[in-house]
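Remarks on the overall topology
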Amino acid sequence: MPTPTKGPRMGGSPAHERHMLANLAQSLFEHGRITTTEAKAKRLRPYAEHLITFAKRGDLHARRQVLKRLNDKSVVHVLFDEIGPRYENRPGGYTRIVKLGPRKGDNAPMALIELVEALTVAQQAVGEAERARGTKSAPKKAPTGATREAAEELAKESPTAAAVAAEAAATDEAPVQEDLFAEAEPETATEAVADETPADETPAAEAADEKPAEDEK
């Protein structure tokens with residue numbers, strides 16, 4: 001019989017705890033990093049690293065063992081095809097925990113748990129799509145070139161990638177409109193000068209016509 005985990009159990013039952021850890025692991029593999037309480041981050045770390053070890057093996061039995069724990073097949077695909085090969089030469093320590101301080105409201109200690117390697121292109125696309133929503137904690141940012149290409153390729157398969165591709169298209173259209181306004185401004189200024197010139201010359205011409213009349217007198 002396996003040794004029970006020390007400390008209080010997460011959730012109300014062992015099944016609830018398993019579901020919570022599975023959901024946290026899926027979010028970690030999908031986004032590359034998540035913010036949660038310090039207690040959950042410490043419980044998630046060995047659970048997620050155990051799944052990454054299965055992904056490094058990459059055989060059918062390992063994939064079935066992971067599918068028993070994670071229900072999302074797309075996340076399992078990312079785990080075995082992108083995350084596992086990145087840690088092929090790493091013996092362990094696939095995640096890190098960074099303490100963030102107490103949470104406002106209940107004063108719970110918060111922590112950031114993330115994968116130690118850089119984010120993949122797909123994870124960057126997901127992160128930029130979340131920032132595109134315009135939340136207070138995540139201001140808008142334009143997609144980069146690599147993220148944009150990946151989003152355009154996966155637009156038909158993933159709604160998140162489609163949102164990133166649409167944002168990139170909207171970003172490209174914005175400078176064009178600014179250029180049109182920029183080109184229209186010099187023409188408007190030229191027309192204004194042309195309209196003002198006859199008004200300035202008219203008094204001078206009338207004065208020139210009046211001078212000979214004064215000389216004749």
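Note that the structure is predicted; figures quoted are calculated from it, not measured. (Residues numbered from 1 in each chain as written. Predicted model: local features only at pLDDT ≥ 70, side-chain atom pairs only at ≥ 80, totals over all residues. Heavy atoms only, no water.)

Considering the overall build of the protein
To be explicit about the condition: Helical segments are the DSSP runs of H or I of at least four residues, strand segments are the runs of E of at least two, and each set is numbered from the N terminus. Only protein chains enter the accessibility calculation, which uses a 1.4 Å probe. A residue is then buried if its area is under 20% of the maximum for its type, exposed if over 50%, and partly exposed in between. When checking whether two residues touch, look at their non-hydrogen atoms; a contact exists if any pair is within 4.5 Å. Accessible surface area values rest on a Shrake-Rupley calculation with a 1.4 Å probe, where residue burial reflects the displayed protein chains alone.
Helices and strands together make up the secondary structure of the protein, namely seven helices and three strands. Listing each helix as α and each strand as β along the protein from the N terminus yields α-β-α-α-α-β-β-α-α-α. Counting only residues that meet the buried cut, the protein has 29% of its 217 residues in that class. Taking all contacts inside the protein whose residues are at least 6 apart in sequence as the whole, residues at least 24 apart take part in 54%. For the protein, the computed accessible surface area is about 14600 Å², with 53% contributed by carbon and sulfur atoms.

What about unusual backbone geometry?
In this structure, Asn 107 takes a positive phi of about 65 degrees despite not being glycine. Classification of Asn 107 by relative accessible area gives exposed; the value is 55%.

Focus on helix α2 (residues 38-57)
We count it as follows: Expected helix span is taken as 1.5 Å per residue step, with the number of steps being one fewer than the number of residues. Two axes enter the definition of the bend at a residue: one is fitted to the seven residues ending there, the other to the seven starting there, and the bend is the angle between them.
The first and last C-alpha atoms of α2 sit 29 Å apart over 20 residues, in line with the 28 Å expected at 1.5 Å per residue. Along α2, the sharpest kink reaches roughly 30 degrees, centred on Leu 44 and followed within four residues by the proline Pro 46. Every buried residue of α2 is accounted for by Glu 38, Ala 41, Arg 43, Leu 44, Tyr 47, Ala 48, Glu 49, Leu 51, Ile 52, Phe 54 and Ala 55. Tucked into the core, α2 has its buried residues touching α1 (14-31), β1 (33-37), α3 (60-67), α4 (73-86), β2 (95-102) and β3 (109-115). Gly 58, located one to two residues past α2, shows a positive phi value of around 75 degrees.

So, the packing of aromatic side chains
To describe a pair of aromatic rings, you give the distance between the ring centres and the angle between the ring planes. Which entries qualify depends on this criterion: Two rings from Phe, Tyr or Trp (for Trp, the six-membered ring) form a pair when their centres are within 6.5 Å of each other. A pair whose planes differ by under 30 degrees is stacked, one over 60 is edge-to-face, and the rest are tilted. By definition here, charges over rings are those cases where NZ of Lys or CZ of Arg is within 6 Å of the ring centre and within 35 degrees of the ring normal.
Summed over all chains, the structure comprises one aromatic pair. With a centroid separation of 5.0 Å and 50 degrees between ring planes, the pair formed by Tyr 87 and Tyr 94 is classed as tilted. The burial state of Tyr 87 is the same as that of Tyr 94; both residues are buried. Of note, Arg 63 hangs over the ring of Phe 80, and the distance from its end group to the ring centre comes to 4.4 Å.

Details of the sheet that holds β2
Note the following rule: For two strands to be treated as a pair, DSSP must find no fewer than two bridges joining them. With axes taken as lines fitted to C-alpha atoms, and helix axes fitted only over the stretch in contact, angles between N-to-C directions fall between 0 and 180 degrees.
Read across the sheet, three strands follow the order β1-β3-β2 without closing on themselves; strand pairing throughout is antiparallel. Strand pairing shows two members of the sheet lacking a second neighbour, β1 and β2, which therefore form its edges. Along the sheet, successive strands turn relative to each other by an average axial angle of 25 degrees, direction set aside. Contacting β1, β2 and β3, α1 crosses the sheet at an angle of about 145 degrees to β1.

Side note on the environment of Leu 44
The topology assignment puts Leu 44 in helix α2. Judged by its relative accessible area of 0%, Leu 44 falls in the buried class. Spatially, the C-alpha atom of Leu 44 lies 9.4 Å from that of Leu 28, the residues being 16 residues apart in sequence. Aside from chain neighbours lying at most four places away, what touches Leu 44 is Leu 21, Leu 24, Ala 25, Leu 28, Ile 34 and Ile 113.

Brief notes about the pattern of salt bridges
Inclusion rule: Any Lys or Arg side-chain nitrogen located within 4 Å of an Asp or Glu carboxyl oxygen qualifies as a salt bridge.
Tallying each qualifying case throughout the model produces eight salt bridges. In this structure, the salt-bridge partner of Arg 43 is Glu 17, at a minimum N-O distance of 2.3 Å. Taken together, the residues Arg 43 in helix α2 and Glu 17 in helix α1 connect sequence positions 26 residues apart. A single burial state applies to Arg 43 and to Glu 17, both of which are buried. Linked through salt bridges whose partners overlap, the residues forming this network are Arg 33, Arg 96 and Glu 114.

What about the confidence of the model for the protein?
Defined as follows: Note on scores: pLDDT gives the predictor's confidence for each residue, bounded by 0 and 100.
When pLDDT is averaged along the protein, the result is 75, and 57% of the positions lie at 70 or above. Scored below 50 in pLDDT, residues 175-182 makes zero contacts in the model with residues more than four places away or belonging to other chains.

Observations concerning the pairing of β3
Within a regular strand, side chains alternate between the sheet's two faces. Burial of β3 is extensive: six of the seven residues sit out of reach of the surface. Both β1 and β3 contribute to a ladder of five bridges, which runs antiparallel. Opposite Ile 34, over in β3, you have Ile 113 as the bridge partner. Alignment of β2 against β3, held across seven bridges, turns out to be antiparallel. Bridged to Val 98 within β3 is Leu 112. As consecutive antiparallel partners, β2 and β3 are separated by six residues, and within that stretch Gly 105 has a phi angle of approximately 120 degrees, a positive value.

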